[in-house]
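Chains, contacts and geometry: an overview
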Amino acid sequence: MRVRVIKTDGTAEPYLHTKVLGTFHHALSAAGEANLYAAEQMAQAVTYYLHSSPAARTVSSDEIHLMIQAVLQDTGHRAAAEALNQHRVQRKLLRRRIEVIGDSPAEEPSSTAWNKSEIVAYLIRRYHLNRSLARVIAGQVEERVFRMEVFRVRKGLIRQLVENETEAMLRAEEQLNITL
């Protein structure tokens with residue numbers, strides 16, 4: 001049975017065990033408990049549950065987050081569960097605080113909220129990328145914006161970051177295809 005994940009923006013994508021594994025490992029590492037074996041075992045439990053449960057053909061990313069948090073707490077990794085929750089809250093706050101503004105001061109002073117999904121849609125439309133690759137690129141752009149620690153970002157800067165990340169990703173993909 002294929003499990004689909006409903007993302008916060010309403011789109012659906014296939015469930016990826018590796019994302020859950022990475023989340024467990026990141027949470028454990030943030031709490032100073034970097035144990036890849038434990039992360040693998042806990043991720044395996046979540047994946048098994050999702051694939052064996054008849055009601056879990058679709059699951060929200062929030063539900064997966066709660067499952068991961070429950071497994072961490074129930075296995076004695078309370079600090080990792082707290083670190084995971086804190087990370088998620090911080091990212092939600094950052095997304096809400098960032099406004100996208102026009103390219104120049106002469107433009108109307110309107111702004112829109114940060115929305116990674118708009119970058120995904122742009123990449124699919126402009127470059128005909130598959131949704132998974134577009135989400136990876138949009139995620140990289142979002143990380144760069146977060147690291148800048150600014151709360152007003154011009155559209156032109158976002159376009160430049162998107163173009164740079166897209167070029168780098170397509171170049172890497174091309175190099176992988178050449179070596180394989």
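This text goes with the structure placed above it.
What you are looking at is a predicted structure, and each value in this text was computed from that prediction instead of being measured.

This brings us to the packing of aromatic side chains. With the rule as written, the count across this model stands at 0 aromatic pairs. We note Arg126 situated over the ring of Tyr127; from NZ or CZ to the ring centre the distance is 5.0 Å.

Moving on to the sheet that holds strand β1 (residues 4–6). Taken in spatial order, the 3 strands line up as β2-β1-β3 in an open sheet, and their pairing is mixed. Every interior strand has two partners, whereas the edge strands, β2 (12–14) and β3 (58–60), have only one. If you compare each strand with its neighbour and ignore which way they point, the axes differ by 35° on average.

With that settled, the discussion passes to the nonpolar core. Counting 22 residues, the largest nonpolar core has Tyr15, Val20, Phe24, Ile64 and Leu72 as its most contacted members. Within the residue set of this core, elements represented by two or more residues are α1 (17–30), α2 (36–52), α3 (61–74) and α4 (78–97). By residue number, the principal contributor to this core is α2, which donates 6 residues. Not counting residues within four places of it along the chain, the set of residues in contact with Ile64 comprises Val5, Tyr15, Val20, Leu50 and Val59.

On to a nonpolar patch on the surface, then. A contiguous nonpolar surface patch, about 200 Å² in accessible area, is contributed by Met148, Val150 and Leu157. Summarising the element assignment, Leu157 is placed in helix α7 (residues 155–179).

So, on to the packing of α1 against α2. Contact pair α1 / α2: the axes reach a minimum separation of 8 Å and the direction vectors enclose 135°. Between α1 and α2, the angle is such that the two are oblique. As α1 runs across α2, the sense of the crossing is right-handed. Residues His17, Val20, Leu21, Phe24, His25 and Leu28 of α1 lie in contact with α2, whose contacting residues are Leu36, Ala38, Ala39, Glu40, Met42, Ala43, Gln44, Val46 and Thr47. Here the contact of α1 with α2 is composed, by residue class, of 10 nonpolar, 4 polar and 1 charged.

So, on to the sheet that holds strand β6 (residues 152–154). Whether parallel or antiparallel, the strands of a sheet pair through hydrogen bonds between backbone atoms. Taken together, the 3 strands give an open sheet; going across it, the order is β5-β4-β6, and neighbouring strands pair in mixed fashion. The strands lining the two open edges of the sheet, one partner per strand, are β5 (111–113) and β6. Mean inter-strand twist for the sheet, computed between neighbouring axes without regard to direction, equals 35°. Where strand β4 (residues 99–101) meets β5, 3 bridges bridge the pair, whose relative direction is antiparallel. Bridge assignment links Ile101 to a residue of β5, and that residue is Ser111.

Basis of the calculations
Residues numbered from 1 in each chain as written. Predicted model: local features only at pLDDT ≥ 70, side-chain atom pairs only at ≥ 80, totals over all residues. Heavy atoms only, no water. Phe/Tyr/Trp six-rings, centres within 6.5 Å; stacked < 30°, edge-to-face > 60°. Lys NZ or Arg CZ within 6 Å of the ring centre and 35° of its normal. Pairing = 2+ DSSP bridges. Helix = DSSP H or I, 4+ residues; strand = E, 2+ residues; numbered from the N terminus. Axes fitted to C-alpha atoms, helices over the stretch in contact; angles between N-to-C directions. Core = buried A, V, L, I, M, F, W, Y, C linked by side-chain atoms within 4.5 Å. Buried < 20%, exposed > 50% of the residue type's maximum accessible area, 1.4 Å probe, protein only. Contact = heavy atoms within 4.5 Å. Patch = residues over 30% accessible without salt bridge, like charges linked within 9 Å, V, L, I, M, F, W, Y side chains within 5 Å. Areas by Shrake-Rupley, 256 points an atom, 1.4 Å probe, with all protein chains shown as cover. Salt bridge = Lys/Arg side-chain N within 4 Å of Asp/Glu carboxyl O. Parallel < 35°, antiparallel > 145°, perpendicular 65-115°, else oblique. Left-handed = near helix turned anticlockwise from the far one by under 90°. Nonpolar A, V, L, I, M, F, W, Y, C, P; charged D, E, K, R; others polar.

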